[in-house]
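A look at the structure
The residues making up each chain are set out below.
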Amino acid sequence: MFQNQLKYPAPGAPKLANRVKELLKSSGFKHVDEDKKRGLDHGAWVPLMLMYPEADIPVCQLSVQTNKDATYHYNMGKALAPLKEEGVLIVGSGATTHNLRMLRNTSSVQPWAQEFDTWLKEALIDGRYEDVNNYKEKAPHATVAHPWPDHFYPLHVAMGAGGANSKAELIHHSWGLSSLSYASYKFTVPA
């Protein structure tokens, strides 16, 4: 696959990794481990390759905990919020909808994907972060949109890092293969 042919040799960020570990532990996260051997996941290097093609920025990747829930990841983001004031860009990369079994080579968007994507956009823009944390109960077609949470939980980390008073803004929206939403949001605190 193409992932094995592409390289993104960004330098690591060991000091940042230690700071992340410190912030998480001081916020009550008990098991915070470092893996110094694993390379960057495609969820990290693909967007960074587009944003910083020279791979000249240090990168520290945080793993998704698929055995935990969305609120856990939101709280991870809250714990990491101080990093924004330290000049760290926090990126939550995944997909607004991600069900590879439902991909179709057509330009029309599948209704379930559109309904989930619209619900998420409205919930984020309205600041209903608690609803987003409880998306499995609140959102239409949640388990179809995300049969596994690994491509959705990064949004919760970014949402938490934005802060309780942050506002979500849709900064990009496109579709691929009839059900992959590439909606992108940024979270900022109004001045």
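Quick look at the structure, then. (Residues numbered from 1 in each chain as written. Predicted model: local features only at pLDDT ≥ 70, side-chain atom pairs only at ≥ 80, totals over all residues. Heavy atoms only, no water.)

**Concerning the overall build of the chain**
Condition: A run of DSSP states H or I qualifies as a helix once it reaches four residues; a run of E qualifies as a strand once it reaches two. Both are numbered from the N-terminal end. Between the two quantities, the radius of gyration covers C-alpha atoms and the globule rule is 2.2 Å times the number of residues to the power 0.38. Residue contacts follow a heavy-atom distance rule, with two residues in contact if any of their heavy atoms lie within 4.5 Å. Computed by Shrake-Rupley with a 1.4 Å probe, the accessible areas treat only the displayed protein chains as cover when residues are assessed. Under the counting rule used here, the positive set is Lys and Arg, the negative set is Asp and Glu, and His together with the chain ends is not counted. For charged residues, the charge sits on one atom: NZ in Lys, CZ in Arg, CG in Asp, CD in Glu.
Scanning the chain from N- to C-terminus turns up 8 helices and 4 strands. Written out in order from the N terminus, the α and β elements of the chain read α-α-α-α-α-α-α-α-β-β-β-β. In summary, the chain has a C-alpha radius of gyration of 17 Å against a globular reference of 16 Å for 191 residues, a match within 12%. With the principal axes as the frame, the chain shows a C-alpha extent of 45 × 40 × 35 Å. Partitioning the contacts of the chain with sequence separation of at least 6, the portion at a separation of at least 24 is 67%. Per element, the accessible surface of the chain, about 11,300 Å² overall, is 52% carbon and sulfur. Side chains of the chain carry 20 positive and 19 negative charges; the gap between the two charge centres is 5 Å.

**Concerning the side chain of H98**
The following threshold applies: Between buried and exposed lies partly exposed: a residue is buried under 20% and exposed over 50% of the maximum accessible area for its type, with that area taken using a 1.4 Å probe on protein chains only. Pairs of N or O atoms within 3.5 Å make up the polar contacts considered here, provided that, within protein, one atom can donate a hydrogen while the other can accept it, and that residues adjacent in sequence are counted only when both atoms are side-chain atoms.
Mapped onto the elements, H98 comes out in the loop between α3 (70-80) and α4 (111-125). Taking the relative accessible area as the measure of exposure, H98 reaches 16% and is therefore buried. Looking at H98, its side chain comes within polar contact range of the side chain of H151, at 3.4 Å. Other than its neighbours up to four places away in sequence, H98 contacts A145, H146, P147, H151 and L180.

**Quick look at the pairing of strand β4 (residues 184-188)**
We apply this condition: The pairing criterion for strands is at least two bridges between them, as found by DSSP.
The alternating pattern of β4 places Y185 and F187 on a buried face and S184, K186 and T188 on a face that is not buried. Inspection of the sheet shows strand β1 (residues 167-172) paired to β4 by 5 bridges, in the antiparallel sense. Paired with A168 across the bridge in β4 is F187.

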